[in-house]
Amino acid sequence: MDFVSDTEFIFGDSIRTISQSPDRVHVEFTESGPREFALVIGADGLHSNVRAIAFGDESRFVRDLGLYLCMYTVPNYLKLDRTEVQYSELGRVAAIWSSRGDASVKACFGFVAPCVIDLRNRAQQQQVLTSAYQGIGWEVPTLLGMMSTASDYYFDAAAQIRMDRWSQGRVVLVGDAGYCASPMSGQGASLALIGAYVLAGELAAASGAYRPHFSNMKR
Ligand SMILES: Cc1cc2nc3c(=O)[nH]c(=O)nc-3n(C[C@H](O)[C@H](O)[C@H](O)COP(=O)(O)OP(=O)(O)OC[C@H]3O[C@@H](n4cnc5c(N)ncnc54)[C@H](O)[C@@H]3O)c2cc1C
């Protein structure tokens with residue numbers, strides 16, 4: 001943030017409604033007062049709130065890939081340095097991943113579940129995950145033992161987002177919000193950055209004439 005000038009950051013808030021006129025976008029927030037903007041660019045990820053408001057329910061655009069992903073931080077007890085070690089068999093993968101030789105690493109699980117898992121029920125997630133990985137030796141019992149005390153925790157269904165178009169009037173989506181390739185692709189961060197870079201460049205070149213560029217933003 002120290003490198004960005006002329007930009008206002010608002011934390012702890014979220015968009016509640018978006019309505020458009022030919023010249024402006026009127027935005028209501030959950031916490032602060034209503035504001036008007038020239039454009040709204042939704043970069044709010046796989047479960048995008050902006051997409052839901054401006055384009056419709058997530059179920060219209062999501063493609064479930066049939067497995068769940070869980071990730072959390074554990075101590076780097078294997079002393080890994082920029083290395084991933086992985087146990088893999090059909091329907092269940094476990095990995096320990098180090099981006100550099102830090103004191104902590106990420107424990108990662110990708111598995112096919114025998115039931116639908118409630119993405120807001122952590123107790124059920126951990127119970128199904130633990131049960132799915134029964135009988136595996138390797139580092140799995142150690143990693144599972146650290147799950148309940150981890151300082152962070154991620155759990156979601158692996159999914160893609162597919163849309164025919166990424167703009168709706170003065171509202172546009174970038175990154176996972178518009179075209180999530182899923183964590184399985186290993187390309188989501190690059191796609192998000194490149195999409196934002198291209199959009200910013202085109203908007204700057206257009207000097208405010210956003211329409212031709214937005215209408216070209218299709219799959
Ligand atoms: C387990 C896992 C492993 C991955 N591995 C890789 C990899 O190896 N390589 C790779 O390139 N990509 C990987 N990805 C994918 C990558 O993380 C994403 O594609 C990338 O982060 C997308 O960036 P984004 O900015 O579009 O969305 P996000 O990074 O999801 O950012 C969205 C932001 O919007 C905020 N937000 C959401 N809703 C609201 C709201 N209502 N109000 C306000 N703010 C909101 C969120 O808090 C978040 O900060 C992985 C993803 C996962 C889950």
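Turning our attention to the site of the ligand. In the vicinity of the ligand, 17 residues are found, and the nearest of them are Ser14, Tyr154, Asp176, Gly188 and Ala189. Note that an oxygen atom of the ligand is positioned 3.3 Å from one of the backbone N or O atoms of Gly188. Out of a free accessible area of 1,000 Å², the ligand has 53% covered by protein chains. The element best represented in the shell around the ligand is helix H5 (residues 188–206), accounting for four residues. Residue classes in the shell around the ligand are distributed as six nonpolar, eight polar and three charged.

As summarised here, the arrangement of the five strands in space is S6-S7-S8-S5-S9, forming an open sheet in which the pairing is antiparallel. The sheet is open, and its two edges are formed by strand S6 (84–89) and strand S9 (154–161), each paired on a single side. Strand-to-strand twist in this sheet, taken as the mean axis angle between neighbours without regard to direction, amounts to 20 degrees. The sheet contacts of helix H2 (residues 122–132) involve strand S5 (62–75), strand S7 (92–97), strand S8 (104–111) and S9, and relative to S8 the element is tilted by about 80 degrees.

Okay, the side chain of Ser182 next. Inspection of the secondary structure puts Ser182 in the loop between helix H4 (176–179) and H5. By relative accessible area, Ser182 is classed as buried at 5%. At 3.0 Å, the side chain of Ser182 forms a polar contact with the backbone nitrogen of Met184.

What follows concerns the packing of aromatic side chains. The full count for this structure, using the stated rule, is 11 aromatic pairs. Ring geometry for Phe9 and Phe11: centres 6.4 Å apart, planes at 10 degrees, overall stacked. Geometrically, the ring pair formed by Tyr153 and Phe155 is stacked, given 6.5 Å between the ring centres and 20 degrees between the ring planes. For Phe155, a relative accessible area of 9% gives the class buried. Over the ring of Tyr153 we find Arg122, and its NZ or CZ is 4.0 Å from the ring centre.

Moving on to the domain arrangement of the protein chain. Per the domain assignment, the segments of the protein chain are domain 1 (15–61 + 162–215) and domain 2 (64–159). For domain 1 and domain 2, the distance between their C-alpha centres works out to 31 Å. Listed by partner, the interface residues are six residues for domain 1 and seven residues for domain 2. Among the residues of domain 1 in contact with domain 2, Leu46, Pro183 and Met184 are the three that bury the most area, contributing 65% of the side total. The interface formed by domain 1 and domain 2 contains zero salt bridges. Remark: the boundary between domain 1 and domain 2 carries one residue pair in polar contact (both at pLDDT 80 or more).

Quick notes on the rules
- Counting restarts for each chain: residues are numbered from 1 in the order of the written sequence.
- Reporting in this predicted model follows two pLDDT cut-offs: at least 70 for local features of residues, and 80 or more for side-chain atom pairs to be given and counted; totals over whole chains, interfaces and linings ignore these cut-offs and use all residues.
- Calculation of side-chain values draws on the structure's entire complement of heavy atoms; hydrogens and water are dropped beforehand.
- To be near a molecule or strand, a residue needs just one of its heavy atoms within 4 Å of it.
- Here a polar contact is taken to be a pair of N or O atoms separated by no more than 3.5 Å, where protein atoms must pair a possible hydrogen donor with a possible acceptor and residues adjacent in sequence count only if both atoms sit in side chains.
- Per-residue and other accessible areas follow the Shrake-Rupley method at a 1.4 Å probe size, with only the shown protein chains counted as cover for residues.
- Each helix corresponds to a stretch of at least 4 residues labelled H or I by DSSP, and each strand to a stretch of at least 2 residues labelled E; elements are numbered beginning at the N terminus.
- We call Asp, Glu, Lys and Arg charged. Ala, Val, Leu, Ile, Met, Phe, Trp, Tyr, Cys and Pro are nonpolar, and the rest, Gly among them, are polar.
- Pairing between strands is defined by DSSP: at least two bridges between the two strands are required.
- For every element, the axis is a line fit to its C-alpha atoms; helices are fit only across the contacting stretch, and the angle between N-to-C directions ranges from 0 to 180 degrees.
- In this description, contact between two residues means that some pair of their heavy atoms is separated by no more than 4.5 Å.
- Only protein chains enter the calculation, and the probe is 1.4 Å; a residue is then buried if its accessible area is under 20% of its type maximum, exposed if over 50%, and partly exposed in between.
- By convention, a stacked pair of Phe, Tyr or Trp rings (six-membered ring in the case of Trp) has centres within 6.5 Å and planes under 30 degrees apart, an edge-to-face pair has planes over 60 apart, and any other such pair is tilted.
- When the NZ atom of lysine or the CZ atom of arginine is within 6 Å of a ring's centre and also within 35 degrees of its normal, the charge is said to sit over that ring.
- Source of the domain bounds: an automatic or database domain assignment.
- Throughout, buried area stands for the accessible area (probe radius 1.4 Å) lost by two parts on being put together, summed over both.
- Each salt bridge in this description consists of a side-chain nitrogen of Lys or Arg and a carboxyl oxygen of Asp or Glu lying within 4 Å of one another.

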